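# Observations on the three-dimensional arrangement
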Amino acid sequence: MTEQEPQTPLTLAVIVGSVRRPRVGRLVADWFTDRAARRSDVKVDLIDLAEVALPLADTPPGGNPASPIAGRLADADGFVVVTPEYNHSFPAALKNAIDQHHREWAAKPVGFVSYGAGSGGVRAVEQLRLVFAELHATTTRTGVVLTAPWDRLDRQGRLVDDGPLGRAADATLDELTWWAEALRTARRNRPYGS
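Residues numbered from 1 in each chain as written. Predicted model: local features only at pLDDT ≥ 70, side-chain atom pairs only at ≥ 80, totals over all residues. Heavy atoms only, no water.

## Quick look at the overall build of the protein chain
Of the regular secondary structure elements, the protein chain holds 5 helices and 6 strands. Along the protein chain, helices and strands appear, N-terminal first, in the series β-α-β-α-β-α-β-α-β-β-α. Along the longest, intermediate and shortest principal axes, the C-alpha atoms of the protein chain span 50 × 50 × 25 Å. With 194 residues in all, the protein chain has 47% of them scored as buried. Taking contacts inside the protein chain between residues at least 6 apart in sequence as the whole, the part at least 24 apart equals 81%. In the structure as shown, the protein chain presents an accessible area of about 10,300 Å², 52% of it carried by carbon and sulfur atoms. Distance between charge centroids for the protein chain: 2 Å, based on 23 positive and 24 negative side chains. (Helix = DSSP H or I, 4+ residues; strand = E, 2+ residues; numbered from the N terminus. Buried < 20%, exposed > 50% of the residue type's maximum accessible area, 1.4 Å probe, protein only. Contact = heavy atoms within 4.5 Å. Areas by Shrake-Rupley, 256 points an atom, 1.4 Å probe, with all protein chains shown as cover. Lys, Arg positive; Asp, Glu negative; His and termini not counted. Charge placed at Lys NZ, Arg CZ, Asp CG, Glu CD.)

## Regarding the nonpolar core
Ranked by size, the top nonpolar core spans 25 residues in total, and within it Trp105 and Phe132 carry the most contacts. Looking at this core, the elements that each hand over two or more residues are β1 (10-16), β3 (78-84), α3 (92-99), β4 (109-116) and α4 (122-134). Per-element accounting of this core gives the leading share, 5 residues, to α4. Apart from residues no more than four positions distant in its own chain, Trp105 is found in contact with Ile15, Leu73, Phe79, Ala97, Ile98, Phe132, Leu135, His136 and Ala137. By size, the runner-up hydrophobic cluster in this structure holds 23 residues, among which are Leu10, Val14, Leu159 and Ala180. (Core = buried A, V, L, I, M, F, W, Y, C linked by side-chain atoms within 4.5 Å.)

## A look at the environment of Arg38
Locating Arg38 in the fold gives a position in the loop between α1 (25-37) and β2 (42-48). The exposure class of Arg38 is exposed, given its relative accessible area of 60%. Between the C-alpha atom of Arg38 and that of Ala137, which follows or precedes it by 99 residues, the distance is 26 Å.

## Quick word on the pattern of salt bridges
Per the counting criterion, the structure on display carries 16 salt bridges. For the salt bridge of Lys95 with Asp99, the shortest nitrogen-to-oxygen distance reads 2.8 Å. Highlighted residues: Lys95 and Asp99, both in helix α3, separated by 4 residues, approximately one helical turn. Look at Lys95 and you get partly exposed, because its relative accessible area is 31%. A relative accessible area of 36% means that Asp99 is categorised as partly exposed. Here Glu126 and Arg129 are joined by a salt bridge, their closest N and O atoms 3.3 Å apart. One end of the pair is Glu126 and the other is Arg129, both in helix α4 and 3 residues apart, which spans about a single turn. (Salt bridge = Lys/Arg side-chain N within 4 Å of Asp/Glu carboxyl O.)

## Notes on the packing of aromatic side chains
For the coordinates displayed, the defined rule picks out 5 aromatic pairs. Between Trp178 and Trp179, the ring centres sit 5.1 Å apart and the planes meet at 85 degrees, which makes this aromatic pair edge-to-face. Its relative accessible area of 32% is what places Trp179 among the partly exposed residues. Members of the aromatic cluster, joined through ring pairs, are Phe79, Trp105, Phe112 and Phe132. Its end group placed over the ring of Tyr86, Arg20 keeps NZ or CZ at 3.6 Å from the ring centre. (Phe/Tyr/Trp six-rings, centres within 6.5 Å; stacked < 30°, edge-to-face > 60°. Lys NZ or Arg CZ within 6 Å of the ring centre and 35° of its normal.)

## Things to note about the environment of Thr11
Locating Thr11 in the fold gives a position in strand β1. The class of Thr11 is buried, set by a relative accessible area of 14%. Between the C-alpha atoms of Thr11 and Leu73, which are 62 residues apart in sequence, the distance is 9.6 Å. The contact partners of Thr11, leaving out residues within four places of it in the chain, are Lys43, Asp75, Ala76, Asp77 and Gly78.

Shape descriptors only; they carry no functional weight alone.
If you want it as structure tokens, here you go:
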């Protein structure tokens, strides 16, 4: 019997897709990031698009290597997109951030934490699945869906982590890390596209 080498923790980039002010997206992302940080198998990199200066211009073929977050996305083993639903879709700032990059998404898993008034953001997620498929990313089936998260905030403005919400986050992380580990191994053994 051979001993397995200890695995390096997976890097998960948690992307806050809303740049509106005021917004609840950062509070939702902070809650999810805190939940993920409890695990020993992941390292979290929080990317808040409201803090990133990305151009609103045509992206060169293959992505924008000068992007301030290209390196962080390239280093990630997987992604969690925190998205609201705006007009039955996802925010323009999120689409711009996705479109500014290309190779960074390939052969990596994407999970979702969505929120909205009535639907909890599921229509935004369904559209994002199509976008990420075009970029050769795989999306997870399991995700976190929050209906009216602004009604779940405590007096300090933090999202209240009840039992079902926490279980949804854990299930999302379990599925995402399975895919992230499998795809990291596959990319190392046979670079994607070769």
